[in-house]
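# Remarks on the overall topology
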Amino acid sequence: MSGTYPGTPFPQAAAVSTGDRTLRANLRHATHTIRAKRARAVAELEDWDRLRAAGAAIKDRTLRHLDHYLVQLEENVTRAGGTVHWAADAAEANRIVTELVQATGETEVVKVKSMATQETGLNAALAQAGIRAYETDLAELIVQLADDLPSHILVPAIHRSRAEIRDIFRDRMADWGRPAPDDLTDRPADLAEAARVHLRDKFLGCTVGVSGANFMIAETGTLVVVESEGNGRMCLTLPDTLISVVGIEKTVPAWKDLEVYLQLLPRSSTAERMNPYTSMWTGTTDEDGPRSFHLVLLDNGRTDTLADHVGRQALRCIRCSACLNVCPVYERAGGHAYGSPYPGPIGAILTPQLRGLASPLEESLPFASSLCGACYDVCPVAIDIPEVLVHLRERVAEGGETTVRGTRTVIKPARKHTAERIAMRATGWALNHPAALLKAQRLAARSRRFHPRRLPGPGRAWTDTRDLPAVPAEPFRDWWTRTHGGTA
Amino acid sequence: MRVGLFVTCVNDTLYPRTGRAVVTLLERLGVHVDFPMDQSCCGQPLYNTGYRHHTEPLLLRHAAAFRDHDYIVTPSGSCAAMVRDNYPRIARRAAFEGRGSREVTALAEAAACTASKTYELTEFLVDVLGVTDVGARFPHPVTYHPTCHGLRVLGLRDRPRRLLEHVAGLDLRELGGAEECCGFGGTFAVKNAAVSAAMGADKARAVTATGAHAVCAVDNSCLMHIGGILSRDNSPVRPVHIAEILASTDGNLP
C-alpha cells in the first residue's frame, strides 16, 4: 500500500460512496453472506454468552494491570532470545523497523497481514528507505497491487469483485514479480493459484519477515498469529529475521486465556469453528525458524485511550470484524469512508481515540452511526460501541477532559458544532418549559397549511429524500385537556 | 395502580393520534390512565447528539412529573430505552465527574426511580397486564418493523408480534431483513443524510415487497422516516403505530 486515506469527513465521503452501485452490491453480498454464517457458527455454542463475558473480563483485567503484564512479557521474550523495542507512536515504530531491516542489509521483506503496520503506515515508511514490503495475504496483495487501500479489517479487498481482481492481477502482478498467466479467469481457484505462484518467489527469496500478532502471552513471552491462508506460517518460519509490530493491548496473561479467544475469534470473524492456521512462537529456537526475533510494542494512542474510563473498552477489540459485517452504515458507505485502516463501528470509536480528535474526519466518525446496536450484539468481547460513540460525540459537541500523549487536557468543543450547540441549548430550554413548548406546538398546528414540502438550510438533508409528516390540528396535550380535563 | 402515560414529545407534537390510541386501548382494558402535564421530552435527541449535560434537567423533570405513578407507559421503544438504559448512565457519569453530592444523588434517584417503572406499551400489555388479545380488529395486510431500540436495548422479542397475531382479521406479512435498522437514528438522519436515505430506501423497498397496506412499529420516529420515503415514492403503504392497530375496533386504516 502506498496511498494514504484521504481526510474527508465521513458524511462527505459516504455521500459519494453510497452512490457507487458496484460497491454497494459487492458489500451487500459479502457482508450478508458472512453475517448469516457467523450467526450459525455462534449459535452452535450453548455457552457463547459466558465465553463473551469471559472474553471481556480477561481483557478488562489485563488492561487494568497492563503495566505489570507488559514488563512480564518483555522479560519472557528477552529470556527466550527475542529483543523487545518500545514505540510510543507510529513514527517511532516505523523507524525501529526500518533500522532493523537495514541492519540485515536486505531491501525486501515479506509481510503477514497486520493491522498494526497498516495503522502506522509501515509500507510507505519502508518504501521511503528503499525497502520493498510484499503483502502476502491474498486480499492485502490485491490491495497492494491495485495501489488501493484496505476497506475491511479481515477482508481488505471486500470492495472488489472477482472480475476486478482478475484485471488487477493481469495488469499489475508483473510490476511486482512473477506475472499472472495470460489466460487467467475470475474463478476463485484460478485467482488463488495465480497469487500462490506469484507469492512463492517472495517466500523463498526474502530473509526478513514482518508480522503483527493476535495475542501475546505474558507468562511465557509467546506470540500468536491466527490466519486462514498459510502465508503467515511461511513468513513466520522461513525468514532469518522476524520483526513483529504489536499493539500493547494484545497482551493476555496466560495460555489458558487463549481457550476463550480461540473460540471467540474464528467464529466471529470467518464464521469457522477453528481457523486453519494458528502459529505460536516464543523468542528464537536453534536450528528452527528465524535466527533473530524483534518485538516492537506499539502504543500510538493506546495509553491515552486506556485513560478514558468509557472509551477504554475499545481496547478489548480482537479485530474480528463481526461489527463491520452487521453494520448497516458500513454496508452502504464502505470502508474507505472511515478514513483509516479501522473501518466500521469499531473504527468509528477506535480512530478518534487513537489519533485524538485531530481533524474534522476524526470529529465526524462518532456520528457515523444510527446507534442501532447491531455491533454491540455481535461483539465477542462485548464492547458497547453505541455507548462509546455517544461518549465521543459528547467530547466533540461539549468538549471536556481527555488525555493526549499522557497528559490530561481539556479540549474545546469542535468549532463546526457551534450553531448546533446553540440550537441544542435552546431546544433543551424549550423542552424544559412545557408552556413555551405548547405555544410552539400550537403555532405549528395553526400554521400547518403553510408548511413547505421542502425545507431550506439543514432541513434539506431530510426533505431531499423524505416527505415531512403533516402537523396535526392539535397537539396531544390539547386533546387530553379537552377530553380528560387536564388531570395531572 | 397509577399508570402515567409518557406520550413523548414527538407523539405529542406530530402524532397525537398515537397518544389517543394508547388512552383508548388502556381504558378499554380497564386501566385508568393519567397524563401528567409537566412531562416533556426524555432528552434522547440531546443525549444521543452528545449534549449529556443539557439532558440532565430533562431527566429531573421527567422523574418529577411521574413521581407518584407506579407505572410509566410509553408508545416509544427508543424513549423507553433512553430512560431505562441511559438515565442510570447519566447519573453514573455525573458521579464520576465528581459533581456535588446533592446533584449526584438527585440524578441517581431520579434515574433509578424512572428506569424501574418505565414500560414500552407492548411490554406493559404483555408483562404487566398479561394480555395478548386486546380485542382489536384490523382486517388489513400489515407488516411489522422491529425498531432497533425495541429489539436490542429493551429486548421486546416477540411481544409485539404476539399482540398483532391476536388482532382480528390482521394478515401479518413477514418483512425481509426485518432486524436491519431503517436508518433514522435521530440526528443521524440529517448529519449523514446519504447513508440514512440509502438505508431507508432499502427498508421501504422491503416493506413494499410484502404487499402490506400498512407498516407498523413501536416507534413513530422510525415510521416518520420510513413513511417519509414511502410517501415521496408515492407508495400506497401507510405507516401506522402499533398502538393504533391495537386500539382499533372499527377496522379502519388510519
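Residues numbered from 1 in each chain as written. Chains lettered and ligands numbered in written order. Predicted model: local features only at pLDDT ≥ 70, side-chain atom pairs only at ≥ 80, totals over all residues.

Below, the discussion takes up helix H9 (residues 162-176) of chain A. Residue and element names in this part refer to chain A. End to end, H9 covers 20 Å across 15 residues, agreeing with the expected 21 Å (1.5 Å per residue, within 8%). The axis of H9 is deflected most strongly, by about 35 degrees, at Arg 170. By the burial criterion, the buried members of H9 are Ile 165, Ile 168, Phe 169 and Met 173. Its buried side turned inward, H9 meets helix H8 (138-145) and helix H10 (188-205). (Helix = DSSP H or I, 4+ residues; strand = E, 2+ residues; numbered from the N terminus. Expected span 1.5 Å × (residues − 1). Bend = angle between axes of the 7 residues up to and from the residue. Buried ≥ 20, exposed ≤ 12 C-beta atoms within 10 Å, placed from the backbone. Contact = placed C-beta atoms within 7 Å.)

Next up on the list: the interface of chain B and chain A. Facing 54 residues of chain B, the contacting portion of chain A comprises 53 residues. Secondary-structure elements contributing two or more residues to the side of chain B that touches chain A are helix H1 (9-14), helix H2 (16-28), helix H3 (44-49), helix H4 (52-65), helix H8 (148-154), helix H10 (188-191), helix H11 (193-209) and helix H12 (220-232) of chain B. Its residues assigned to classes, the side of chain B that touches chain A shows 29 nonpolar, 15 polar and 10 charged. (Nonpolar A, V, L, I, M, F, W, Y, C, P; charged D, E, K, R; others polar.)

Okay, the domain arrangement of chain A next. Considered domain by domain, chain A is made up of domain 1 (45-298) and domain 2 (449-484). Domain 1 of chain A and domain 2 of chain A are separated by 54 Å when their C-alpha centres are compared. (Domains from an automatic or database assignment.)

The strands making up a sheet associate through hydrogen bonds between their backbones, and the pairing can be parallel or antiparallel. Residue and element names in this part refer to chain B. Pairing is parallel across the open sheet formed by four strands, whose spatial order is S2-S1-S3-S4. Lying at the two open borders of the sheet, with one neighbouring strand each, are strand S2 (33-34) and strand S4 (118-120). In this fold H2 packs onto strand S1 (3-5) and S2, with an angle of close to 160 degrees to the strand it touches most, S1. Contacts from helix H5 (residues 77-96) reach strand S3 (71-74) and S4, with the element oriented near 155 degrees to S4. (Pairing = 2+ DSSP bridges. Axes fitted to C-alpha atoms, helices over the stretch in contact; angles between N-to-C directions.)

This paragraph deals with helix H2 (residues 21-43) of chain A. All names here are of chain A. With 23 residues, H2 should reach 33 Å at 1.5 Å per residue; the first-to-last C-alpha distance of 33 Å fits that figure. The complete set of buried residues in H2 reads Leu 23, Asn 26, Leu 27, Thr 31, Ile 34 and Arg 38. For H2, the elements touching its buried residues are helix H1 (10-17), helix H12 (258-269), helix H14 (322-326), helix H15 (328-333) and helix H18 (374-378).

Another aspect to go through is the packing of H11 of chain B against H12 of chain B. Residues and elements named next belong to chain B. The N-to-C vectors of H11 and H12 enclose an angle of 75 degrees; their axes lie 9 Å apart at closest approach. Between H11 and H12, the crossing angle belongs to the class labelled roughly perpendicular. Across the interface between the two elements, Gly 200, Ala 201, Lys 203, Ala 204 and Val 207 of H11 pack against His 225, Ile 226, Ile 229 and Leu 230 of H12. When its residues are assigned to classes, the contact of H11 with H12 shows six nonpolar, two polar and one charged. (Parallel < 35°, antiparallel > 145°, perpendicular 65-115°, else oblique.)

For the rest of this paragraph, the subject is the UniProt feature "domain: Lactate utilization protein B C-terminal" (unreviewed entry) in chain A. With numbering aligned to this structure, UniProt lists the feature "domain: Lactate utilization protein B C-terminal" (unreviewed entry) at residues 392-482 of chain A. The distance separating the terminal C-alpha atoms of residues 392-482 of chain A is 44 Å; by composition the span is 49% helix and 11% strand. (UniProt positions renumbered as here; feature names shortened; annotations may be inferred.)

Bringing the sheet that holds strand S3 (residues 132-135) of chain A into the picture now. Residue and element names in this part refer to chain A. The strand order S1-S10-S7-S4-S2-S3 describes an open sheet built from six strands, whose pairing is parallel. Here the strands that pair on one side only, and so sit at the sheet edges, are strand S1 (83-87) and S3. The sheet shows a mean angle of 25 degrees between the axes of neighbouring strands, taken without regard to direction. With two bridges connecting them, strand S2 (residues 108-111) and strand S4 (residues 208-211) associate as parallel partners. When the bridges of S4 are listed, Val 110 appears paired with Gly 209.

Here we come to the UniProt feature "domain: Cysteine-rich" (unreviewed entry) in chain B. Residue and element names in this part refer to chain B. According to UniProt, the positions carrying the feature "domain: Cysteine-rich" (unreviewed entry) are residues 3-83 and 142-226. Taken end to end, residues 3-83 has its terminal C-alpha atoms 16 Å apart, with 57% of it in helix and 11% in strand. With 49% helix and 12% strand, residues 142-226 has end C-alpha atoms that lie 15 Å from one another.

We now examine the pairing of strand S5 (residues 141-144) of chain B. Strand residues, when the strand is regular, have side chains that alternate between the two faces of the sheet. As paired elements, S5 of chain B and strand S6 (residues 171-173) of chain B share three bridges and run parallel to each other. Pairing of Pro 141 of chain B across the sheet is with Asp 171 of chain B, part of S6 of chain B.

The next thing to look at is the UniProt feature "domain: LUD" (unreviewed entry) in chain A. The residues that UniProt annotates with the feature "domain: LUD" (unreviewed entry) are residues 72-297 of chain A. Between the C-alpha atoms that bound residues 72-297 of chain A the distance is 13 Å, and the span itself is 42% helix and 21% strand.

Let's shift gears to the packing of helix H16 (residues 344-354) of chain A against helix H19 (residues 385-398) of chain A. Between two packed helices, both the angle of their axes relative to each other and the distance between the axes serve to describe the pair. All names here are of chain A. The contact between H16 and H19 brings their axes to 10 Å, and the two run at 40 degrees. In terms of axis orientation, H16 runs oblique to H19. Crossing of H16 over H19 shows left-handed handedness. Between H16 and H19, the contacting residues are Pro 345, Ile 346, Ala 348, Ile 349 and Pro 352 on the first element and Ile 385, Val 388, Leu 389 and Leu 392 on the second. Residue classes in the contact of H16 with H19 are distributed as nine nonpolar, no polar and no charged. (Left-handed = near helix turned anticlockwise from the far one by under 90°.)

Now for the environment of Glu 244 of chain B. Note that Glu 244 of chain B resides in helix H13 (residues 242-247). Beyond its immediate stretch of four places on either side in the chain, Glu 244 of chain B contacts Arg 17, Thr 18, Ala 21 and Pro 254 of chain B.

This brings us to the domain arrangement of chain B. Residue and element names in this part refer to chain B. Assigned domains within chain B: domain 1 (3-128) and domain 2 (141-247). Taking only C-alpha atoms into account, the centre of domain 1 sits 23 Å from that of domain 2. Contacts between the two partners involve 26 residues from domain 1 and, on the opposite side, 22 residues from domain 2. Counting residues per element, the ones that place at least two in the side of domain 1 that touches domain 2 are H1, H2, H3, H5 and helix H7 (121-128). Element by element, the count of residues in the side of domain 1 that touches domain 2 is highest for H2, at six residues. Across the side of domain 1 that touches domain 2, the residue classes break down as 12 nonpolar, 10 polar and four charged.

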